[in-house]
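# Descriptive structure summary
Residues per chain are reported as follows:
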Amino acid sequence: QTIEYGALIDEPFVHKNEFALEGWFAYDGEEEFEWIFDTMTVDQDWDLYAKWIPLYDVFFFADGILFDQANGIQQGYPVAYDPGIPTKTGHTFSHWTADDGYETFEIDLMFTPLTAAMVHSENDIDLTAHFTRNTYTVTFDSDGGTSYDPFTREYESLIVNPGNPSKTGHTFDGWFTDPGTWED
């Protein structure tokens, strides 16, 4: 394109699939610099070239199942996307992790920049949901019989039988989850 001396250059529109335009750059014989179209004027012949940043598709997995995805996230920037909170029965969502091929590390979707090392295949990054097992309080109500201290157990762990309580004039019939199960 031919531009008059001292004139501004109109920034051309360009597109490249799976990349974001970082900017237009030139080299003045000593260093590379970004061309600022709003303020820089032509004072010699220039070769301007586009610099591209890869865009990643980020896949969110919970228990091995695709939970959500975010497309077009730039390398060097955080995901800055809220996929929502995945659920798992008896568990509480804890955090997301990424794997760079050497180690797995926790990632904060709003602050951890994505790196090329996180890419597992062409332009894809998998993030994995981690959960903590819920803890529940177990209380044995012996309806006036032997007293037992409550204790906590994690989801799906076995509850240890504290033994058979004694109550004057009664025979123990078992432990039940429904308080209406026993009768006087």
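This text follows the structure it describes.
Figured I'd write up the structure that's included with this text. Quantities reported herein were computed from a predicted structural model and do not represent experimental measurements.

Let's shift gears to the overall build of the protein chain. Tallying secondary structure elements over the protein chain gives zero helices and nine strands in all. The helix and strand sequence of the protein chain, counted from the amino end, reads β-β-β-β-β-β-β-β-β. Relative to the 2.2 N^0.38 estimate, which gives 16 Å for 184 residues, the radius of gyration of the protein chain is 31 Å and therefore markedly larger than a compact globule would have. Seen along its three principal axes, the alpha-carbon backbone of the protein chain occupies a region of about 110 × 30 × 25 Å. Taking all 184 residues of the protein chain together, 25% fall into the buried category. For the protein chain, the share of sequence-separated contacts (at least 6 apart) that also reach a separation of at least 24 residues comes to 49%. In the protein chain, the 6 positive side-chain charges and the 35 negative ones have mean positions that sit 16 Å from each other.

This part covers a negative patch on the surface. Judged by side-chain charge, Glu11, Glu22, Glu34 and Asp38 come together as a negatively charged surface patch. Relative to the assigned elements, Glu22 resides in strand β1 (residues 19–27). The class for Glu22 is partly exposed, based on a relative accessible area of 41%.

All right, on to the pattern of salt bridges then. One pass over the full model with this rule turns up three salt bridges. With a shortest N-O distance of 2.7 Å, Glu32 and Lys51 are connected by a salt bridge. Placement of Glu32 in strand β2 (residues 32–34) and of Lys51 in strand β3 (residues 49–62) is noted, with a sequence separation of 19 residues between them. For Asp63, the salt bridge is made with Lys88, and the minimal N-O distance between the two is 3.3 Å. Of this pair, Asp63 sits in the loop between β3 and β4 (65–74) while Lys88 sits in the loop between β4 and β5 (91–99), and the two are 25 residues apart along the sequence. Given a relative accessible area of 49%, Asp63 falls into the partly exposed group.

If you walk through the whole model with that rule in mind, you get 13 aromatic pairs. Judged by centre distance (5.0 Å) and plane angle (70°), the ring pair of Phe60 and Trp96 falls under edge-to-face. Within this pair, whereas Phe60 is found in strand β3, its partner Trp96 is found in strand β5, the two being separated by 36 residues in sequence. An aromatic cluster is defined as three or more aromatic residues linked by ring pairs; in this entry it consists of Phe60, Phe67, Tyr81, Phe93, Trp96 and Phe131.

Once that is clear, we can look at the nonpolar core. Looking at soluble globular proteins, one finds that nonpolar side chains tend to be buried together. Counting 17 residues, the largest nonpolar core has Val58, Phe60, Val79, Trp96, Leu114, Ile125 and Leu127 as the members making the most contacts within it. Elements that contribute at least two residues to this core include exactly β3, β4, β5 and β7 (124–133). Not counting residues up to four positions away in its chain, the partners in contact with Val58 are Asp68, Gln69, Ala70, Ile73, Val79, Leu114, Ile125 and Leu127. In this structure, Ile9, Trp24, Phe33 and Val42 belong to the second largest nonpolar core, which totals seven residues.

On to unusual backbone geometry, then. Positioned with a positive phi, Ala80 is a non-glycine residue whose angle comes to about 50°. Its location among the elements puts Ala80 in the loop between β4 and β5.

About the thresholds
Residues numbered from 1 in each chain as written. Predicted model: local features only at pLDDT ≥ 70, side-chain atom pairs only at ≥ 80, totals over all residues. Heavy atoms only, no water. Helix = DSSP H or I, 4+ residues; strand = E, 2+ residues; numbered from the N terminus. Rg over C-alpha atoms; globule rule 2.2 N^0.38 Å. Buried < 20%, exposed > 50% of the residue type's maximum accessible area, 1.4 Å probe, protein only. Contact = heavy atoms within 4.5 Å. Lys, Arg positive; Asp, Glu negative; His and termini not counted. Charge placed at Lys NZ, Arg CZ, Asp CG, Glu CD. Patch = residues over 30% accessible without salt bridge, like charges linked within 9 Å, V, L, I, M, F, W, Y side chains within 5 Å. Areas by Shrake-Rupley, 256 points an atom, 1.4 Å probe, with all protein chains shown as cover. Salt bridge = Lys/Arg side-chain N within 4 Å of Asp/Glu carboxyl O. Phe/Tyr/Trp six-rings, centres within 6.5 Å; stacked < 30°, edge-to-face > 60°. Core = buried A, V, L, I, M, F, W, Y, C linked by side-chain atoms within 4.5 Å.

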